[in-house]
Structure formats: C-alpha cells, structure tokens
Amino acid sequence: METILEITLRSIAISGTATLLSASWGVPIGILLGLERFRGRFIVKGLFNALLGLPTVTLGLLLYLVLSRAGPLGFLHLLYTPLAISIGQSILITPIMVSFVTNSIESVEPEIKDLAKTLGASETQASLAVLRETKSGFLLAITASFSRAIAELGIALMLGRNLVGKTRVLTTFIALTTDTGDFAPAIALGVILLMIVSAVSLTINFLQRHDSWSRA
Amino acid sequence: MESSIEVKDLTKKYGDITALDNVNLKVNRGQIFTVIGPNGSGKTTLLRIIAGIEEPTSGEMYFNGVRVDKDSLSDVREKGTMVFQRTALFNTTVQKNIAYGLKLRGYSKKQIEAQVKDALSTVKLEGYEKRWAKKLSGGEQQRVSLAMALALNTELLLLDEPTANLDPKNISIIEETISWVNRERGTTVIMATHNMFQAETLTHRTALLLGGKIMQMGTTQEIFGAPSKDLASFARLENVFSGNSTMLEEGTSVIDVGNGLQIEAPIKQTGKVTLFVRPEDIILSAKPLTSSARNMFRGRVAGISDLGSLVRLRVDAGKEFVVQITKRSFVEMGLNLGSEVYLVFKASSVHVV
C-alpha cells in the first residue's frame with residue numbers, strides 16, 4: 001500500500017510539471033498580448049477568457065481520444081502515465097496563465113513605459129521596466145494555475161485512471177475511496193489538498209509584500 | 001544664440017484630430033521657454049514629441065542643430081528628460097526610482113548614491129531615500145519625479161504642467177528648483193503650463209498655443225506686456241471689467257465700468273472695451289494716498305485667503321477687486337474682514353484686451 005506522502009508528492013510533481021509546461025508558453029503569450037498592439041489582439045484575448053471555464057471532462061475526453069491507442073498520438077503510449085495528466089492539466093490552465101499575465105501587464109500605468117523611455121531606456125529596456133512592475137501579477141498567475149491543476153479531477157481520472165503507485169493523485173484517490181465508503185483516508189487527503197492550495201496562496205501573499213525591485 | 005530645440009512645420013494627427021498644426025518654434029540653449037495654452041491645446045503632445053517618446057505625423061525636429069530621426073532619437077532621450085503632468089513612479093523606494101536613469105547610464109554605486117542624495121536635497125526631500133515612492137503625498141511625488149530628472153543632469157528638461165493641482169508650498173519649491181537648475185546648471189527648460197502668472201515670472205520666452213497652433217511667440221515681456229485676446233480668452237485673468245471708454249485730452253481714456261467706478265487707462269479708444277488689472281499691481285493702503293497713480297478707489301475687505309507668504313484679498317469697491325499682498329504687509333496693516341482700504345494703481349497697470 002502506498003503512503004499518503006507518496007500520493008501527495010506525486011500530485012505536487014504532476015501539477016507542478018503542468019504549471020511549468022503551461023508557463024513556458026502561457027507567460028510569453030500573456031506578455032505578447034499585454035505589451036504589443038496588433039490586429040486581432042482582442043479576439044485572441046477574448047478566446048483565452050472564454051476558455052477560462054473549460055470543463056475538465058471535455059478536455060479529458062478530447063485528450064483521451066488523441067492519446068488512446070487508436071488516436072493520432074497513440075504511438076507515444078502516453079495514456080495512463082503521469083506525463084499525460086501533466087499535459088492535460090497544462091492545457092487546462094493555459095487560459096488562466098495567459099489572462100492573468102495579460103491583465104496584470106495592462107493594469108500597469110501606461111506612463112511607466114514613457115517614464116522609462118524619457119529616463120533614457122531603449123524600447124526593450126522600457127518593456128522590461130513594465131514587466132518588473134507586474135512581478136506580483138506573474139506570481140498570481142503561477143499560483144492560480146497551480147491551484148486549479150492540483151484541484152481538478154476529470155483529467156487526472158480520464159488520462160491517469162488512478163493507477164496505484166503510478167498515476168494515483170489526491171483528487172482521484174479522494175473520489176474513488178469515497179465511492180467505496182472508506183471516508184477516513186478520503187477526509188485526510190481532502191484536508192491535505194486544502195492545505196497545499198492554501199499554503200501556496202499564503203506564500204505568494206508573503207512574497208508580494210517584498211520589493212519587486214529587490215534584486216534589480 | 002545657439003538653439004537647443006528647433007521644430008519645423010510639425011504636425012501631429014490622431015486619426016481625424018489634429019493635435020498640432022504646423023508648429024514652428026526655436027528654443028535657445030540655456031533659456032526657460034514656456035508653452036502656454038488651455039487644456040487640450042496640444043502642449044503635452046508637443047513636449048512628448050520633443051522628448052522623443054512620440055512621433056510626429058510630419059515635420060522636422062533639430063536637437064543641438066542635428067536633425068532628429070530614428071538613429072539620433074536615443075540622443076534626445078539621453079540628453080533630455082521629461083517630467084509628466086500625471087506623476088509616474090516605479091513601484092519601489094525613492095532611492096531606486098531616482099537611481100533608474102543613472103543605472104541605465106552606467107554610473108557606479110557610489111556615484112548613484114551621491115547623485116540621488118544631491119537631487120533629493122535640491123527638491124527639499126532630504127532623507128527620503130528609503131521611503132516608498134507611491135506612498136508619498138501628491139506634491140512630494142511630483143518633487144520625486146523632478147528629482148529623477150535632475151539627478152541625470154540632462155541639458156534639456158521638459159516639464160508638463162509641473163505645478164498643476166499642487167498647494168502653494170510645493171509650488172514654490174518646484175518653481176525655485178526650476179529657476180535654480182536653469183541658473184546654476186544652464187539647463188534648457190521647456191515648460192507647458194496654463195498658469196499665466198508662472199509663465200510670466202519664470203521664463204525668458206513664451207509661445208501661446210491654441211488648438212494646436214502657435215498664435216503668438218516672443219519674449220515674456222512682449223507676450224504679457226500687451227496680452228492679446230487669445231491669451232485673455234483662457235488665462236485666468238482677475239479684475240476683468242468691461243465698460244464704455246471716453247478719451248481724455250491728456251491722451252488717455254477713462255472707462256466707466258459701472259457702480260460709479262471710472263478707471264483710467266493709457267489708451268486712445270472710445271466705445272466698449274474690456275480691461276484687466278493684475279492683483280499684484282494694486283497697492284493697498286489704509287489711508288488715501290497722494291501719488292502719481294491715476295486710479296484710487298475706496299473699498300472694504302470682503303474676503304481673505306492665505307497663500308503662504310502671500311495673502312489674496314477680495315475688496316469690494318463698488319466692483320470686486322482681487323489684490324495680492326505679502327503676509328507681512330497684511331499683518332502690519334492689521335487687516336480684517338470689513339476693514340476700510342484704498343486701492344491704488346497706475347493707469348499703465350490697466351491692460352486692455
């Protein structure tokens with residue numbers, strides 16, 4: 001029997017990977033949408049906003065069809081692996097990542113860029129000055145995304161199947177043990193899940209109080 | 001004199017709106033040049049273009065005699081700094097705000113510290129290094145903005161309404177700093193303002209901007225000595241009266257502005273005219289004065305407002321006048337609401353628009 005610690009650590013690893021993956025493309029897209037003014041920008045922004053409420057089971061089903069043996073990416077043999085869950089979650093949280101980053105950049109006063117320029121900054125340096133003003137926005141994007149990933153059930157269940165010692169995570173374990181009437185471990189893991197999500201938020205809150213220029 | 005900034009046929013359009021319409025001007029090095037005009041006249045746009053943070057739709061600009069284009073834009077941004085009307089500050093300490101531009105220029109840590117300290121003492125904010133910039137009062141924030149520009153010691157300083165919405169104490173610190181930096185460092189200053197009084201007292205040359213067009217340009221004496229209708233149309237003039245003018249044999253005229261008030265002015269004109277007298281040109285006396293001044297009216301103090309070292313009084317002399325005197329005179333004369341006073345001013349202090 002695997003321990004609660006193992007399940008917890010696996011959950012953090014899978015959703016952490018999903019967050020990193022999502023950040024690797026979500027942050028650049030968010031920065032682009034926040035800083036640049038191009039044709040169709042509003043449509044792209046609207047699309048990401050609309051996808052904020054993407055149902056996990058719909059995404060899970062879609063990815064199941066793509067990753068299953070008969071699907072277009074079936075040859076990768078990813079189905080029922082931790083990586084499959086990470087990929088699914090990373091897609092799920094991309095709209096959150098993009099919207100949070102874009103909105104936090106847009107909330108910086110437009111004068112900041114002009115200020116940097118008139119003080120002698122080049123176009124690139126001025127953009128960096130704007131990004132520095134949004135550091136807390138980035139942290140918020142990361143935490144909100146991670147919390148959404150670690151708390152979701154649909155994708156973990158459909159792409160992971162709660163395999164003991166392999167793809168069992170906090171949410172699938174809670175759902176399936178509750179099903180069998182075994183409440184004690186389910187409640188324990190429910191509390192742990194809650195603690196992880198709250199701990200992450202509290203840490204960010206604390207970090208936000210620090211000077212975003214401290215290492216500048 | 002050598003020019004610092006020269007613009008030729010400058011036009012800026014935002015869609016259908018023309019913000020600047022064929023503007024030509026020349027600012028000499030080491031001078032304080034004011035662009036005066038009402039809100040929306042294009043002052044800010046003009047400054048932003050000169051600062052190199054906005055591109056004109058058409059026209060040319062020369063900085064120290066060199067044509068400004070994409071390649072030499074960085075030169076303007078490095079040697080000129082703009083202080084915005086809406087204070088923009090980085091979300092960090094005062095020290096790091098002021099250090100930003102110095103870091104870009106590659107100054108050492110020691111130099112930066114010294115220059116930050118220097119700039120802060122110029123704007124009378126000694127010891128504010130560690131304070132959070134955005135938590136300061138509006139006036140202090142504006143002074144930090146000015147210090148950010150001063151620390152860079154640029155040869156050109158652009159100020160957009162540097163004292164709008166500030167209290168008299170902050171205004172006087174900022175005005176003193178502007179004239180100090182021009183006098184001691186020889187910095188060329190271009191300032192936008194709608195405050196006629198400020199333009200008149202601080203600056204060498206003035207351009208009047210209305211609807212994106214330069215209506216008038218010249219030395220400060222030329223512009224304000226004989227204010228045009230354009231200037232009077234927006235400048236907050238006080239003691240403005242209208243009435244019928246009658247020519248006198250002496251070559252001056254008397255204007256009957258109503259309520260028994262007859263004001264003598266150095267004009268030869270009959271018919272309806274509008275005139276104004278500046279508050280600081282009026283002498284306030286407790287007793288009737290025998291003097292060369294052609295205008296004297298008896299009135300009572302109807303209002304008092306404290307401007308720090310100055311006091312503004314409203315005096316009812318049939319018509320209401322605004323008079324500005326020093327706090328010291330105010331105290332020495334023992335003035336109160338209702339005190340009887342005499343208003344005295346020369347005919348040459350009466351300006352007809």
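What counts and what doesn't
- Residues numbered from 1 in each chain as written.
- Chains lettered and ligands numbered in written order.
- Predicted model: local features only at pLDDT ≥ 70, side-chain atom pairs only at ≥ 80, totals over all residues.
- Pairing = 2+ DSSP bridges.
- Helix = DSSP H or I, 4+ residues; strand = E, 2+ residues; numbered from the N terminus.
- Axes fitted to C-alpha atoms, helices over the stretch in contact; angles between N-to-C directions.
- Domains from an automatic or database assignment.
- Contact = placed C-beta atoms within 7 Å.
- Nonpolar A, V, L, I, M, F, W, Y, C, P; charged D, E, K, R; others polar.
- Core = buried A, V, L, I, M, F, W, Y, C linked by C-beta atoms within 7 Å.
- Buried ≥ 20, exposed ≤ 12 C-beta atoms within 10 Å, placed from the backbone.
- Expected span 1.5 Å × (residues − 1).
- Parallel < 35°, antiparallel > 145°, perpendicular 65-115°, else oblique.
- Left-handed = near helix turned anticlockwise from the far one by under 90°.

*Asks:* Sorry, what's going on with the sheet that holds strand β12 (residues 253–258) of chain B here?
*Replies:* Note on sheets: strands pair through backbone hydrogen bonds, and any given pair is parallel or antiparallel. Residue and element names in this part refer to chain B. Here 5 strands make up an open sheet; going across it, the order is β13-β12-β11-β14-β20 and the pairing antiparallel. Of all the strands in the sheet, the pair left with one neighbour each is β13 (261–265) and β20 (350–352). Sheet twist, expressed as the mean angle between neighbouring strand axes with direction ignored, is 45 degrees. Relative to β13, β12 is paired through 5 bridges, and the arrangement is antiparallel.

*Asks:* Sorry if this is basic, but what is going on with the domain arrangement of chain B here?
*Replies:* Size of an interface: often given as the accessible area lost when the parts come together. Per the domain assignment, the segments of chain B are domain 1 (3–229) and domain 2 (240–352). The gap between the C-alpha centroids of domain 1 of chain B and domain 2 of chain B is 36 Å.

*Asks:* I'm lost on the sheet that holds strand β16 (residues 295–307) of chain B in this one. Help?
*Replies:* All names here are of chain B. On the basis of which strands lie adjacent, the open sheet formed by 5 strands has the order β15-β19-β16-β17-β18 and antiparallel pairing. Each edge of the open sheet is held by one strand with a lone partner, namely β15 (283–285) and β18 (320–326). The sheet shows a mean angle of 45 degrees between the axes of neighbouring strands, taken without regard to direction. The pairing of β16 with strand β19 (residues 340–345) spans 6 bridges and is classified as antiparallel. Along β19, the bridge assignment pairs M296 with V344.

*Asks:* Any chance you could explain the interface of chain A and chain B here in plain terms?
*Replies:* Between chain A and chain B, the contact holds 17 residues from the first and 20 residues from the second. For the side of chain A that touches chain B, the leading source of residues is helix α5 (residues 111–118) of chain A, giving 6 residues. Broken down by class, the residue content of the side of chain A that touches chain B amounts to 6 nonpolar, 5 polar and 6 charged.

*Asks:* Would you mind going over the pairing of strand β2 (residues 17–28) of chain B with me for this structure?
*Replies:* Walk down a regular strand and you will see the side chains alternate between the two sheet faces. All names here are of chain B. Where strand β1 (residues 3–14) lies against β2, 8 bridges are found, and the strand directions are antiparallel. Each bridged residue has a counterpart across the sheet, and for K12 the counterpart in β2 is L20. If you look at the hairpin formed by β1 and β2, you'll find 2 residues sitting between the two strands, and G15 has a positive phi there, around 65 degrees.

*Asks:* Where do I start with the environment of I173 of chain B in this structure?
*Replies:* Residue and element names in this part refer to chain B. With respect to the helices and strands, I173 occurs in helix α6 (residues 168–185). For the pair I173 and R143, spaced 30 residues apart in the sequence, the C-alpha separation amounts to 8.4 Å. When residues no more than four places from it in sequence are discounted, the contact partners of I173 are V123, K124 and R143.

*Asks:* In this structure, what is going on with the nonpolar core? I would like to understand it.
*Replies:* Soluble globular proteins tend to pack their nonpolar side chains together in the buried interior. By size, the foremost hydrophobic cluster in this structure holds 78 residues, and its most contacted members are I50, A147, A151, L158 and I190 of chain B. At 7 residues, the largest contribution of residues to this core is made by helix α5 (residues 138–151) of chain B. Membership of the second largest hydrophobic core comes to 38 residues, among which are I87, F100, F138 and L170 of chain A.

*Asks:* I'm lost on α6 of chain B in this one. Help?
*Replies:* Since the α-helix advances by 3.6 residues per turn, residues separated by three or four positions end up pointing in the same direction. Residue and element names in this part refer to chain B. In this model α6 runs 25 Å from its N-terminal to its C-terminal C-alpha over 18 residues, within 8% of the 26 Å that 1.5 Å per residue would give. Along its buried surface, α6 packs onto α5, β7 (156–160), β8 (188–193) and α7 (196–202). Just beyond α6, the residue with positive phi is G186, at close to 70 degrees.

*Asks:* Explain the packing of helix α4 (residues 82–106) of chain A against helix α7 (residues 135–151) of chain A here, please?
*Replies:* Two packed helices can be described by the angle between their axes and the distance between those axes. Residue and element names in this part refer to chain A. Running from amino to carboxyl end, α4 crosses α7 at an angle of 155 degrees, the nearest separation of the two axes being 9 Å. The pairing of α4 with α7 is recorded here as roughly antiparallel in orientation. Here α4 runs over α7; the crossing is right-handed. Contacts between α4 and α7 involve Q89, L92, I93, I96, M97, F100, V101, S104 and I105 on the former and, on the latter, G137, F138, L140, A141, A144, S145, R148 and A149. Residues of the contact of α4 with α7, tallied by class, amount to 12 nonpolar, 4 polar and 1 charged.

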